[in-house]
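This is what each chain is made of:
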Amino acid sequence: MKTHIQAILIDFNRTIYNPDTKQLYPNALETLIYLQKSYDVYLISKNEADRMEKLKTLGIKDLFVKTYFVEEKTEKLFEEILRTYDKKISYIIGDLVT
C-alpha cells in the first residue's frame, strides 16, 4: 500500500526507451516496478503511431497510473497532471535539461 502518494512524470523516448535500439534502457523495467510501489507514476510521450502497442510489448503499460500521448509537452500539461499532488515532493524525469 502506498503511504505517501507522490507523483513521478516520466518521459518515454531517450529516458526509459532507446528508439535507436528499440529497447528499454538497462534496468528501466526494474526501476519502474520499484517506483510504482511508492509513487503514482505517469508516462508522457509524443503521440506516435503504435505507441500503446509498444508499451504492451515492452511489458510496461500497466505500470503507469495514466499514459499521456501528446503532440507537445507543455508546462500547462504538467501542471494539470500534478494539480492534486504536492509539487514540492513530485518529480519529472526526462532527457531534456533546461
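Refer to the preceding data block for the structure.
What comes next is a walk through the structure. (Residues numbered from 1 in each chain as written. Predicted model: local features only at pLDDT ≥ 70, side-chain atom pairs only at ≥ 80, totals over all residues. Heavy atoms only, no water.)

Some remarks on the side chain of asparagine 18
And step 1. Its place among the elements puts asparagine 18 in strand S2 (residues 17-18).
And step 2. Polar side-chain contacts of asparagine 18 include one of 2.8 Å to the backbone nitrogen of aspartate 20.
And step 3. When near neighbours in sequence (up to four residues on either side) are disregarded, asparagine 18 contacts Gln23 and Tyr25. (Helix = DSSP H or I, 4+ residues; strand = E, 2+ residues; numbered from the N terminus. Polar contact = N/O pair within 3.5 Å; in protein donor to acceptor, adjacent residues only side chain to side chain. Contact = heavy atoms within 4.5 Å.)

A closer look at the pattern of salt bridges
And step 1. All chains considered together, the criterion is met by 6 salt bridges.
And step 2. Here aspartate 20 and arginine 14 are joined by a salt bridge, their closest N and O atoms 3.2 Å apart.
And step 3. Owing to a relative accessible area of 59%, aspartate 20 belongs among the exposed residues under this scheme. (Salt bridge = Lys/Arg side-chain N within 4 Å of Asp/Glu carboxyl O. Buried < 20%, exposed > 50% of the residue type's maximum accessible area, 1.4 Å probe, protein only.)

Re the environment of phenylalanine 64
And step 1. Within the element layout of this structure, phenylalanine 64 appears in the loop between helix H2 (51-58) and strand S5 (66-70).
And step 2. Owing to a relative accessible area of 8%, phenylalanine 64 belongs among the buried residues under this scheme.
And step 3. In the structure, phenylalanine 64 is positioned 25 residues away from tyrosine 39 in sequence and 9.7 Å away in space, judged by C-alpha atoms.

Examining the sheet that holds strand S4 (residues 40-46)
And step 1. A sheet is described by the order of its strands in space; here 4 strands give the open sequence S5-S4-S1-S6, paired in parallel fashion. Lying at the two open borders of the sheet, with one neighbouring strand each, are S5 and strand S6 (91-93). On average, adjacent strands in this sheet sit at an angle of 20° to one another, irrespective of strand direction.
And step 2. Of the pairings in the sheet, the one linking strand S1 (residues 7-11) to S6 comprises 3 bridges and is parallel in character. From the neighbouring strand, isoleucine 10 faces S6, where its bridge partner is isoleucine 93.
And step 3. The sheet strands contacting H2 are S4 and S5, and the helix crosses S5 at an angle near 145°. (Pairing = 2+ DSSP bridges. Axes fitted to C-alpha atoms, helices over the stretch in contact; angles between N-to-C directions.)

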